Amino acid sequence: MPSPQKLQTFLDIATEAALAAGAVLQQCWGKLDSIEEKGRSGDLVTNADRAAEAEILKILGRHLPNHAILAEESGQMGGSLPDYLWAIDPLDGTTNYAHQYPLYAVSIGLLYQGTPVLGVIFSPFFQELYRAASGLGATCNRQPICVSKTTSLEKSLLATGFAYDRHGRDDNNYAEFCRLTHLSQGVRRGGSAALDLVFVACGRLDGYWERGLSPWDVAAGVVLVQEAGGLVTAYDGSTFQVDSGRILATNRHLHLALGEVLKNTCSLGNPDQYELA
Ligand code: IPD
Ligand code: CA
Ligand code: CA
């Protein structure tokens, strides 16, 4: 595990990169040159995604030339099993951004030997900068944040999302969404996994689950939730794997109850076992 001093240095570098990428996103807001589909229907990429990612790669490359990178638009660079791997989503919430719906963010996570240890998420529209590293706590605009105290599903506000492949799959999360909408005070579909996670971290949401995610969607947010006192696991409560596609993140109090509903609502047996099939 990297020392606290090293993590602090990495946090500052990731912050510089997230703010620079955020500035690019703000400049392009409402005046996009190009919006393309990446293959799956609805999976968009814009000139802003690419320009923001270029900015992040430039800054990480300047400070940490030996670190490997997995970036959504450029793929993996620098070694197949590296100790340090940066997982970068230059624009999480591209669909929102393309429609000028303000829930979007830059998400920069760092994995150490496959485990998320640091996260910086920046929301340019709301000017909120979220930072966390293992053992160093979680902050929003430099103020400590912590998860909510809600202890019952009936009193909870939750969030989820629906992956781009939802049209062609039985495990599309619709049944889970309906069931939990019935059991809670509401389930939001914000359209940015990174912001869903930081909203759990700062107590605006009590829990979040989703399937079909990529490492760059969640690497940073996982650390924010954990450092804010929350819990992140697979749907069945087992250890979270960043490349599994599935995540259950809560304020800790609701973890068992939410996991139980997911288990009992899923029509295809153990939900954690069919993601890669
Ligand atoms: C998407 C968002 C969305 C989630 C999708 C992600 P993108 O990321 O995080 O909330 O439901 O699964 O792919 O494509 O906007 O970077
Ligand atoms: Ca994303
Ligand atoms: Ca993205």
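Residue numbers here run from 1 along each chain, matching the order of that chain's written sequence. Lettering of chains starts at A and numbering of ligands starts at 1, both following the order in which they are written. Where local features are concerned, this predicted model is filtered to residues with pLDDT of at least 70; where side-chain atom pairs are given and counted, the filter is 80 or more; whole-chain, interface and lining totals use all residues. Hydrogen atoms and water are omitted, and side-chain values are computed over all heavy atoms in the structure.

Section: the layout of surface pockets
Cavities and pockets were defined on a 1 Å grid built over protein atoms only: a cavity is a set of grid points that admits a 1.4 Å probe from which the probe cannot escape, a pocket is an open set flanked by protein on both sides within 12 Å along at least five of seven lines, and lining residues are those with an atom within 4 Å of any such point. Grid points are joined across faces, edges and corners, and a volume is the space filled by probe spheres set on the points. By volume, the largest pocket is sized at about 610 Å³. Residue lining of the largest pocket: 34 residues in total, with Arg-40, Asp-43, Ala-163, Tyr-164 and Asp-217 positioned closest to the centre. Numbered from the N terminus, helices here are DSSP runs of H or I no shorter than four residues, and strands are runs of E no shorter than two. For the lining of the largest pocket, the secondary-structure elements that each account for two or more residues are β5 (84-92), α3 (94-98), α5 (193-201) and α6 (215-227). In terms of residue class, the lining of the largest pocket is made up of 8 nonpolar, 11 polar and 15 charged. Looking at the lining of the largest pocket, you find at least three residues from each of domain 1 (4-144) and domain 2 (153-267). Three classes are used: nonpolar for Ala, Val, Leu, Ile, Met, Phe, Trp, Tyr, Cys and Pro, charged for Asp, Glu, Lys and Arg, and polar for all others, with Gly counted as polar. An automatic or database domain assignment is the source of the domain bounds shown.

Notes on the domain arrangement of the chain
Partitioning the chain into domains gives domain 1 (4-144) and domain 2 (153-267). Counting residues at the interface gives 40 residues for domain 1 and 24 residues for domain 2. Buried area counts how much accessible surface, traced with a 1.4 Å probe, disappears from two parts once they are put together, with both parts' losses summed. Both sides of the domain 1 and domain 2 interface together cover about 2400 Å² of buried area, and 67% of this is carbon and sulfur. Criterion for a salt bridge: a side-chain nitrogen of Lys or Arg within 4 Å of a carboxyl oxygen of Asp or Glu. Seen at the junction of domain 1 and domain 2, the total is 1 salt bridge. The salt bridge partner of Glu-128 is Arg-204, with a shortest N-O separation of 2.8 Å. N or O atoms within 3.5 Å of each other form a polar contact, as long as, within protein, one can give a hydrogen and the other can take it, and as long as residues adjacent in sequence are counted only when both atoms are side-chain atoms. Where domain 1 packs against domain 2, one counts 9 residue pairs in polar contact (both at pLDDT 80 or more). By definition, residues are in contact when any of their heavy atoms lie within 4.5 Å.

Structural notes on the side chain of Glu-128
With respect to the element layout, Glu-128 can be found in strand β8 (residues 128-133). Residue exposure (1.4 Å probe, protein chains only): buried if accessible area is under 20% of the type maximum, exposed if over 50%, otherwise partly exposed. Residue Glu-128 is classed as buried on the basis of its relative accessible area, which comes to 14%. For Glu-128, the side chain forms a polar contact with the side chain of Tyr-130, separated by 2.6 Å. Discounting residues that sit within four places of it in the chain, Glu-128 has contacts with Ile-121, Phe-122, Ser-123, Cys-140, Asn-141, Phe-199 and Arg-204.

Some details on the pairing of strand β15 (residues 247-250)
Burial along β15 is two-sided: the residues Ile-247 and Ala-249 and Leu-248 and Thr-250 are all buried. Any two strands with at least two DSSP-identified bridges between them are counted as paired. Where strand β14 (residues 231-233) and β15 come together, 3 bridges link them in antiparallel fashion. Its bridge partner lying in β15, Val-232 is registered against Ala-249.

Digging into the coordination of the calcium ion (ligand 2)
Note: metal donors comprise N, O and S atoms at 2.8 Å or less from the metal (3.2 Å for Na, K and Ca); water molecules are not included, so apparent gaps in a site are possible. Coordination of the calcium ion (ligand 2) by the protein is provided by Asp-89 (OD), Asp-92 (OD) and Asp-217 (OD), with metal-donor distances spanning 2.1 to 2.2 Å. Between the calcium ion (ligand 2) and the calcium ion (ligand 3), both coordinated by Asp-89, there is a metal-metal distance of 3.8 Å. Taken together, the residues span a long stretch of sequence, with Asp-92 in strand β5 and Asp-217 in helix α6 at a distance of 125 residues. Accessibility expressed as a relative area gives 6% for Asp-92, which makes it buried.

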